[in-house]
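Take a look at the letters that make up each chain.
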Amino acid sequence: MAGNRTALTASSTHITRDFLLLSAAFLVVLGVWSFFELAEAVGEEVLLQLDERILLALREPGELSNPIGPRWFEEAMRDLSALGSTMTIGLVAAAVAGHLLLSRNVHALGFVIVSVSGGMALSSVLKHFFDRPRPELVPALTYVASPSFPSGHAMLAAVFYLTLGALLARLVLPLNERIYVLIIALLLTFLVGVSRVYLGVHYPTDVLAGWLAGLAWAMFCWLVMRVLQRRGQVESPRNPPARDGS
């Protein structure tokens, strides 16, 4: 009886892992396909009009240099935007990398380095390839220098926070805690993207493209990591310590 239960548990675990791998592969394909579909459509008049309507809706009528909402809200948007900056993500990623190095979790360290540095490089390549000008309809409320499509802040936020969320989710056992971690990662990614549109430095389509590219890259890195683990070329993460009474 105990043997049957063990076999059923093992079978269920394998099915769950296969489902996760297939889901990740699907998200990679969907993200890449959606990104290039969006990239082809950004020059269309209908989509540009929608972008401009959203930008105008976030500014006071007749005073385009003044965003809607109180002054503290504008400052809060700048703070949220900084969560997706290269400097902020680089510093936090370095801190995470230091912890993984001290804990000798070498392969998780490699996962973070490849995911984040690769995402930064990919963002730069995509920006210069599409070379879309920044919005000129409304004044920008923060300094920008690179091309507009895709949003680097939105893409890097998706890459880094989803990567970090995936690592943290594997360190907790209860399903509700894993879901909570991933929801926070998605929420941070969403808020960074919204802040870029609010500040007038990106069209909404730039942000959507950044989310799609970031999701596809983060899922691709995670998928490669899991495949290597299943093949035994990379060790699985250590089991979390047992809780009291368990």
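Above this text is the structure in question.
Attention in this report is confined to the structure presented alongside it. (Residues numbered from 1 in each chain as written. Predicted model: local features only at pLDDT ≥ 70, side-chain atom pairs only at ≥ 80, totals over all residues. Heavy atoms only, no water.)

### Quick notes on the overall build of the protein chain
The helix and strand inventory of the protein chain stands at eight helices and two strands. N-terminal to C-terminal, the α/β element order of the protein chain is α-α-β-β-α-α-α-α-α-α. When each of the 246 residues of the protein chain is scored for burial, the buried share is 40%. Within the protein chain, counting contacts between residues at least 6 apart in sequence, those at least 24 apart form 77% of the total. (Helix = DSSP H or I, 4+ residues; strand = E, 2+ residues; numbered from the N terminus. Buried < 20%, exposed > 50% of the residue type's maximum accessible area, 1.4 Å probe, protein only. Contact = heavy atoms within 4.5 Å.)

### A look at helix H4 (residues 86-102)
In this model, H4 (17 residues) spans 24 Å end to end at C-alpha, consistent with the 24 Å of a helix rising 1.5 Å per residue. Among the residues of H4, Ile 89, Ala 93, Val 96, Ala 97 and Leu 100 are the ones counted as buried. Seen from one end, H4 has its buried residues packed into an arc of 105 degrees, which puts them on one side. With respect to the buried face of H4, the exposed residues turned more than 90 degrees away are Met 87, Leu 91, Ala 95, His 99 and Leu 102. On the buried face of H4, the contacting elements are helix H5 (106-130) and helix H6 (152-169). The positive-phi residue at the C-terminal boundary of H4 is Arg 104, with phi of around 60 degrees. (Expected span 1.5 Å × (residues − 1). Arc of directions from axis to C-beta.)

### Considering unusual backbone geometry
In this model, Phe 149 is joined to Pro 150 through a cis peptide bond whose omega is -10 degrees. Counting through the fold element by element, Pro 150 comes out in the loop between H5 and H6. Notably, Arg 104 is not glycine yet its phi reads approximately 60 degrees, a positive angle. Among the secondary structure elements, Arg 104 is positioned in the loop between H4 and H5. Here Arg 104 falls in the exposed class, since its relative accessible area comes to 68%. The backbone of Asp 131 sits at a positive phi, close to 50 degrees, despite the residue not being glycine. Its location among the elements puts Asp 131 in the loop between H5 and H6.

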